[in-house]
Amino acid sequence: MNVTTLPKPPRVGLVSLGCPKNLVDSERIMTKLRSDGYDMSPDYAGADIVLVNTCGFLDSAKEESLEAIGEAIAENGRVVVTGCMGKEADVIRNRFPDVLAITGAHEYEQVVGAVHEAAPMPANAFLNLVPESGLKLTPRHYSYLKISEGCNHRCAFCIIPHLRGDLVSRRPDAILREAEKLVAAGTKELLVISQDTSAYGVDMRHKAFPLKSGGEVRAHMTDLSRELGKLGAWVRLHYVYPYPHVNDVIPLMAEGLVLPYLDIPFQHASPDVLRRMRRPANDAKVLQRIRAWREQMPDLAIRSSFVVGFPGETDQDFAYLLNWLEEAQLDRVGAFKFEPVEGAPATSMGDQVPADLKTERYEAVMALSARISAAKLTAKVGSIIDVLIDRVDDVEPSHEGVDRGHFDAPHAVHHHNVGATGRSKADAPEIDGEVHLRDAGGLKPGDIVSVRIEDADEHDLYGVPLETVAA
Ligand code: SF4
């Protein structure tokens, strides 16, 4: 049997100099790197790369920054410089030609990009919460917001708890502060991530923290979601387990505070397989719960992932899964063939499923979910939905305003030949589908537009913008 040995994530050391503002920048950079899967190193020796966040306010501060860079070069050798002294890249380069990259203050994307380039994250679905292509290219208009680290569960196929330890939640006020800053900097969509979002705050016994605006917020998924929703950006919840208290998030969707979207990693449906997988929130009432959520929130989009070929998965277990999927009518489904990972209990379980049977089952799940997805998307043709623009095609807009006459909309914007691609509330970046727009001149990434849907295929929608509803 081939056993995958998980690569260790690179470790980043940080030297943060200067004022509290610089410290906040350092925190932000580290939060991003942690959510990208990097580990931290408390010393030079254990670091794969060292980040020096400099201060250049006074000459003495500059000298201190240069000394810190010199020390990091001598002790480690692989150094990225950021912060206020980034403005004086020549001075740094003259003295330390081996510095890997230099970026300026508040250039988060650049400094995170430089770390990714110098110490790339190994591609691995078990290590990365965030899709790979989301790492380097996360545009300004959406941001991942990590609310906790680690996990209290011990799923048989997973080694995250061994790598990251038990669940440790971030303080809700700190999360809100970060989210506020992201929104102020242009974020239109906050993607809440963790290993187990529904368990957020359990380690803090859901303690309440004062808010600077008055009132308080409990370290609890529902309370945090409500406060995040007040910031005015789309709030999308990932890695939610179907515990009963998830019921309380559905009214927040109805109020427009949280997107009608849940990413629930079910992984399987057969009670036997789930038990052997040691999955959390594994109760037989999940289908009823989904039905009740949809009654309250008919637009709710549910995405999930499933593992096929887990050791001991019988034909009956697999048939159960297919029937369950047919019943559950999930909007988006990802499937994975079970892969033994070094250190995970499932790796040494008997009854490993042969590779060709795994492939057969994988294809059956993909075919069924493509059929369900196509039917669900076709049902959206003719409707008008909000779309957040991710990118615009590089074609010159024509300002003639040609009406192709394919629909009769009083506010229609007609710029021929210009395309744009975005996502509806039902689509998370990278992992779900997209909405492709025709006649999309005048739009820019980050705009939210009202779109009339004209066509659909298995994964994507196609339509025409009507008017910008928010910019
Ligand atoms: S819930 Fe299970 S699969 Fe997810 S991180 Fe925790 S142990 Fe791993």
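Residues numbered from 1 in each chain as written. Predicted model: local features only at pLDDT ≥ 70, side-chain atom pairs only at ≥ 80, totals over all residues. Heavy atoms only, no water.

A.B. asks: Which residues make up the site of the ligand, and what values do they have?
C.D. replies: All residues in the neighbourhood of the ligand are listed as Cys151, His153, Cys155, Phe157, Cys158, Ile160, Pro161, Gln195, Tyr241 and Arg279. Grouping the constituent residues of the shell around the ligand by class yields seven nonpolar, two polar and one charged. (Near = heavy atom within 4 Å. Nonpolar A, V, L, I, M, F, W, Y, C, P; charged D, E, K, R; others polar.)

A.B. asks: An account of the packing of helix H7 (residues 172-184) against helix H8 (residues 221-229) is needed here, citing residue identities and associated values.
C.D. replies: In a packed pair of helices, the relevant descriptors are the angle between the two axes and the axis-to-axis distance. Between H7 and H8, the shortest axis-to-axis distance is 10 Å and the interhelical angle comes to 25°. By the angle between their directions, the pair H7 and H8 is classed as roughly parallel. The way H7 lies across H8 gives a crossing that is right-handed. Counting all contacts with H7, which are made through Pro172, Ile175, Leu176 and Ala179, the residues of H8 involved are Leu224, Glu227 and Leu228. Each residue belonging to the contact of H7 with H8 can be placed in one class, and the counts come to six nonpolar, no polar and one charged. (Axes fitted to C-alpha atoms, helices over the stretch in contact; angles between N-to-C directions. Helix = DSSP H or I, 4+ residues; strand = E, 2+ residues; numbered from the N terminus. Parallel < 35°, antiparallel > 145°, perpendicular 65-115°, else oblique. Left-handed = near helix turned anticlockwise from the far one by under 90°. Contact = heavy atoms within 4.5 Å.)

A.B. asks: For the sheet that holds strand E3 (residues 49-54), give the residues involved together with the corresponding values.
C.D. replies: Across a sheet, paired strands are connected by hydrogen bonds in the backbone, their directions being either parallel or antiparallel. Read across the sheet, five strands follow the order E2-E1-E3-E4-E5 without closing on themselves; strand pairing throughout is parallel. Edge positions in the open sheet fall to strand E2 (39-41) and strand E5 (101-102), since each of these has one partner strand only. Sheet topology places strand E1 (residues 11-16) next to E3; five bridges connect them, and they run parallel. Residue pairing across strands places Leu14 opposite Leu51, the latter belonging to E3. Where helix H4 (residues 108-118) meets the sheet, its contacts fall on E1, E3, strand E4 (79-83) and E5, and the angle it forms with E3 comes to roughly 160°. (Pairing = 2+ DSSP bridges.)

A.B. asks: Account for the packing of helix H12 (residues 315-328) against helix H13 (residues 355-378), naming residues and giving values.
C.D. replies: In contact at an axis separation of 10 Å, H12 and H13 are set at 10° when each is read in the N-to-C sense. Between H12 and H13, the interaxial angle falls into the category roughly parallel. Contacts between H12 and H13 involve Asp315, Phe318, Leu321, Leu322, Leu325 and Glu326 from the first element and Arg361, Ala364, Val365, Leu368, Arg371 and Ile372 from the second. Across the contact of H12 with H13, the residue classes break down as eight nonpolar, no polar and four charged.

A.B. asks: Lay out the pattern of salt bridges in plain terms, naming residues and giving numbers.
C.D. replies: Pairs may arise between side chains of opposite charge once their charged atoms sit close together. Enumeration according to the criterion identifies 29 salt bridges in this entry. With a closest N to O distance of 3.3 Å, Arg34 and Glu149 form a salt bridge. Of this pair, Arg34 sits in helix H1 (residues 20-35) while Glu149 is found in strand E7 (residues 148-149), placing the two residues 115 residues apart along the sequence. Residue classification places Arg34 among the partly exposed residues on the basis of a relative accessible area of 21%. In this structure, the salt-bridge partner of Glu189 is Arg423, at a minimum N-O distance of 2.7 Å. Placement of Glu189 in strand E9 (residues 189-193) and of Arg423 in strand E17 (residues 420-423) is noted, with a sequence separation of 234 residues between them. (Salt bridge = Lys/Arg side-chain N within 4 Å of Asp/Glu carboxyl O. Buried < 20%, exposed > 50% of the residue type's maximum accessible area, 1.4 Å probe, protein only.)

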